[in-house]
Amino acid sequence: MDFPSLSEPLTAALIGALATVAGALVQLRMSWRREIKERERGQPITKKTRRGPVIVVFALLVAAAVGGFALSQYFVSLREGDRDALRADLQAKLSEINATALRLEQVRTNERRQIETETQRADASRIGEEGAAATVVVGPCPQVVPGARVECTEQGAVRVAVCARVPASATVKEVQLYLRAEDSKQPWQEARVQGGQDAGQARFAEKFTERPDGDAKQVCQGFANWSGEKSRIARILVKYAP
């Protein structure tokens, strides 16, 4: 059968109690022997003589109680000191762990922000390489006299601006120009034209222009169509660097 271990203060109190009992027994034995010898010699036993052992034993009891209490308090103070030191050490360790966790969280946050920034930058670069497109359908040159065919000239052409929206901070690298008839199935890759050149009674401006548009900007290319028979689809593809 296992008995629970005694605490240090209780052990100290038991030691003090045992020492007190042992000292009291020794003093009583000595007193009894002395009293017996005095009786054998026929000496009278006074009250003072009888009170002597009792006083000594009582003094020993008080001293033992005080000593035991002091010893127990000493052990208690030692335990409290150890507990305070352990608590301070644990608090320091917890503070260190919290600081390390905060640093790790900050590193993770910075890495996540860096990854997000790089991802956004890569997406913006990819979008810039793909380009921003815009198309406009431009009707034929209007008839000057109803029912009569009048040949259209470039001076009387229908003029529009084909504009694509890009980020305000973007740097335009290239504006690709495309033109085809409205009912044509021709692929856009085969319908590319050059700015400033006649594209069959139609022409794109030689240079593009930029104008602000809120938190972005528009890249515009002028276009003129003086064909009197067919509508045209004018398309621009703006490639830029973010």
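Here goes a summary of the coordinates provided. (Residues numbered from 1 in each chain as written. Predicted model: local features only at pLDDT ≥ 70, side-chain atom pairs only at ≥ 80, totals over all residues. Heavy atoms only, no water.)

1. Overview of the nonpolar core
At step 1: Counting residues in each nonpolar core, the largest one holds 20 residues, and the members touching the most others are Val-166, Val-175, Leu-179, Phe-204, Phe-223, Ile-236 and Val-238.
At step 2: Contributing elements (two or more residues each) for this core: β1 (132–138), β2 (158–167), β3 (171–181), β5 (202–213), β6 (216–225) and β7 (232–241).
At step 3: If sequence neighbours within four positions are ignored, Ile-236 has contacts with Ala-132, Ala-133, Ala-134, Val-162, Cys-163, Ala-164, Val-175, Gln-176, Leu-177, Phe-204, Val-219 and Gln-221. (Core = buried A, V, L, I, M, F, W, Y, C linked by side-chain atoms within 4.5 Å. Buried < 20%, exposed > 50% of the residue type's maximum accessible area, 1.4 Å probe, protein only. Helix = DSSP H or I, 4+ residues; strand = E, 2+ residues; numbered from the N terminus. Contact = heavy atoms within 4.5 Å.)

2. Section: the side chain of Gln-176
At step 1: You can see Gln-176 is positioned in strand β3.
At step 2: Within the structure, Gln-176 has its side chain in polar contact with the side chain of Tyr-178 (distance 2.5 Å).
At step 3: Residues within four places of Gln-176 in sequence aside, it is in contact with Arg-192, Arg-235, Ile-236, Leu-237 and Lys-239. (Polar contact = N/O pair within 3.5 Å; in protein donor to acceptor, adjacent residues only side chain to side chain.)

3. A few points about the pairing of β3
At step 1: Extensive coverage of β3 is indicated by the burial of eight of its eleven residues.
At step 2: The sheet contact formed by β3 and β7 spans ten bridges and is antiparallel. When the sheet's bridge partners are listed, Leu-177 is paired in β7 with Ile-236.
At step 3: As paired elements, β3 and strand β4 (residues 192–193) share two bridges and run antiparallel to each other. From the neighbouring strand, Leu-177 faces β4, where its bridge partner is Val-193. (Pairing = 2+ DSSP bridges.)

4. Comments concerning the packing of aromatic side chains
At step 1: Scanning all chains against the criterion turns up two aromatic pairs.
At step 2: Ring geometry for Phe-204 and Phe-223: centres 4.9 Å apart, planes at 50 degrees, overall tilted. Note that Phe-204 is positioned in strand β5 and Phe-223 in strand β6, a separation of 19 residues in sequence.
At step 3: Its relative accessible area of 2% is what places Phe-223 among the buried residues.
At step 4: Cation over ring: Arg-235 sits above Tyr-178, and NZ or CZ is 5.4 Å from the ring centre. (Phe/Tyr/Trp six-rings, centres within 6.5 Å; stacked < 30°, edge-to-face > 60°. Lys NZ or Arg CZ within 6 Å of the ring centre and 35° of its normal.)

5. Quick word on unusual backbone geometry
At step 1: One non-glycine residue, Gln-201, adopts positive backbone phi at about 60 degrees.
At step 2: Within the fold, Gln-201 resides in the loop between β4 and β5.
At step 3: Under the relative-accessibility criterion, Gln-201 is labelled partly exposed at 35%.

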